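Understanding the architecture of this molecule
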Amino acid sequence: MKKFDYSLNYDELDLRKQPELYTVGRGEQGVLMVEPYKSEILPHWRFKTPEIATESSQKIYELFLEYKKKDDFVGMDMARKFLQMGYTRARRYTNHKGGRKYSKEDGSILPYQNDKVKAEAAAIFKAQWEIAKTDVDYVRMKKEHREKHESENTQEHG
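The structure presented is a predicted model; accordingly, all values stated were derived computationally and were not measured. Residue positions are given per chain, counting from 1 as you read along its sequence in written order. In keeping with the model being predicted, local features are shown solely for residues with a pLDDT of at least 70 and side-chain atom pairs are shown and tallied solely at 80 or more, while totals for entire chains, interfaces and linings include all residues. Neither water nor hydrogens contribute to the side-chain values; these are computed over all heavy atoms in the structure.

**Points about the packing of helix H2 (residues 50–69) against helix H4 (residues 116–133)**
Taken N-terminus to C-terminus, the directions of H2 and H4 make an angle of 15°; their axes are 8 Å apart at the nearest point. Looking at the two axes, H2 sits roughly parallel to H4. For the element pair H2 and H4, the recorded crossing hand is right-handed. Contact residues: H2 offers Pro 50, Ala 53, Thr 54, Ser 56, Ser 57, Gln 58, Ile 60, Tyr 61 and Phe 64, while H4 offers Val 117, Glu 120, Ala 121, Ile 124, Phe 125, Gln 128, Ile 131 and Ala 132. Between N-to-C directions, angles cover 0 to 180 degrees, with each direction set by a line fitted to C-alpha atoms, over the stretch in contact for helices. Numbering goes from the N terminus for both helices and strands, where a helix is a DSSP run of H or I of at least four residues and a strand is a run of E of at least two. Every angle not falling under 35 degrees, over 145, or within 65 to 115 is termed oblique; those three ranges are roughly parallel, roughly antiparallel and roughly perpendicular. The sense of a crossing depends on the near helix, which, turned anticlockwise from the far helix by less than a right angle, makes the crossing left-handed and, turned clockwise, makes it right-handed. Contacts: residue pairs with any heavy atoms within 4.5 Å of one another.

**Observations concerning the nonpolar core**
Residues enter a nonpolar core if they are buried and are Ala, Val, Leu, Ile, Met, Phe, Trp, Tyr or Cys, with the set joined through side-chain atoms within 4.5 Å. Relative accessibility under 20% of the residue-type maximum defines a buried residue, over 50% an exposed one, and the middle range a partly exposed one, all with a 1.4 Å probe and only protein chains included. Tyr 22, Val 34 and Ile 41 are the most contacted members of the largest nonpolar core, which has 37 residues in total. If you list the elements that add at least two residues to this core, you get helix H1 (37–41), H2, helix H3 (73–95), H4 and helix H5 (136–150). Broken down by element, the residue count for this core peaks at nine residues, all from H3. Dropping the residues within four chain positions of it, Val 34 is found in contact with Phe 4, Tyr 10, Leu 15, Tyr 22, Val 74 and Met 78.

**Comments concerning the layout of surface pockets**
Here the term cavity refers to a set of points on a 1 Å grid, laid over the protein atoms alone, in which a 1.4 Å probe fits but cannot get out; the term pocket refers to an open set having protein on both sides within 12 Å along at least five of seven lines, with lining residues being those that place an atom within 4 Å of a point. Grid points are joined across faces, edges and corners, and a volume is the space filled by probe spheres set on the points. If you add up the space inside the largest pocket, you get close to 210 Å³. In terms of lining, the largest pocket is formed by 13 residues, of which the most central are Pro 19, Asp 71, Phe 73, His 145 and His 149. Ranked by residues supplied to the lining of the largest pocket, first place goes to H5 with five residues. For the lining of the largest pocket, the class distribution of residues is six nonpolar, two polar and five charged. All residues other than Ala, Val, Leu, Ile, Met, Phe, Trp, Tyr, Cys, Pro, Asp, Glu, Lys and Arg, Gly among them, are scored as polar; the first ten of these are nonpolar and the last four charged.

**Structural notes on the confidence of the model for the protein**
Scored between 0 and 100, pLDDT is the confidence that the predictor attaches to each residue. Mean pLDDT over the protein works out to 92, with 96% of the residues at or above the 70 mark. Scored below 50 in pLDDT, residues 154–158 shows nine contacts in the model against residues more than four places distant or in partner chains.

**Here we look at the packing of aromatic side chains**
Each pair of aromatic rings taken from Phe, Tyr and Trp, with Trp reduced to its six-membered ring, is defined by centres within 6.5 Å and is described as stacked if the planes are under 30 degrees apart, edge-to-face if over 60, and tilted in the remaining cases. Under the counting rule described, the total for this entry stands at eleven aromatic pairs. Here the aromatic rings of Trp 45 and Phe 82 are separated by 6.4 Å at their centres, their planes lie at 70°, and the arrangement is edge-to-face. Of this pair, Trp 45 sits in the loop between H1 and H2 while Phe 82 sits in helix H3, and the two are 37 residues apart along the sequence. Using a relative accessible area of 13% as the deciding quantity, one classes Trp 45 as buried. When the NZ atom of lysine or the CZ atom of arginine is within 6 Å of a ring's centre and also within 35 degrees of its normal, the charge is said to sit over that ring. The ring of Trp 129 carries the charged tip of Lys 133 above its face, separated from the ring centre by 4.3 Å.

**Re the pattern of salt bridges**
Where charged atoms of side chains with opposite charge meet at close range, the side chains can pair. What counts as a salt bridge is simple: a side-chain nitrogen of Lys or Arg found within 4 Å of a carboxyl oxygen of Asp or Glu. Counting across every chain of the model gives 13 salt bridges. Residue Lys 17 is joined to Asp 14 by a salt bridge in which the shortest nitrogen-to-oxygen separation is 3.9 Å. A salt bridge links Glu 144 to Arg 140; the nearest nitrogen and oxygen atoms lie 3.3 Å apart. One end of the pair, Glu 144, and the other, Arg 140, are both in helix H5, four residues apart, so they sit about a helical turn from each other. A relative accessible area of 40% means that Glu 144 is categorised as partly exposed.

Below is the structure:
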């Protein structure tokens, strides 16, 4: 598995036009960098309450399906990353008031809490993320993208 390429100038790139430059990476890598997807998805990404999380995750999943209709794997993967990030961020806020895990003073882990509202928001995102990441077409397109653009046999760009 190829690492996400942080060396590219994402502010200047349109990865819809150059999908071969996109690297899936691990988890949420690059989620707030890859355009035009970041600008299309980020405005819909919210998780403050279960109601907001439901609306947000449904809208992001709709975008996932729109990208799928257009055979746009990069868009699908970015939508998947935003769904995953909705889950992970809501979980962090579930466990740590204000979302801060580490103390500013000494770097120690701050006390855990269990915010049931944020936990429910996290569960909503997790369910939608699971649907997206197991979508048969997504799984196939991810494999094809990695084989075509991220394998060791692929010529490096740059």
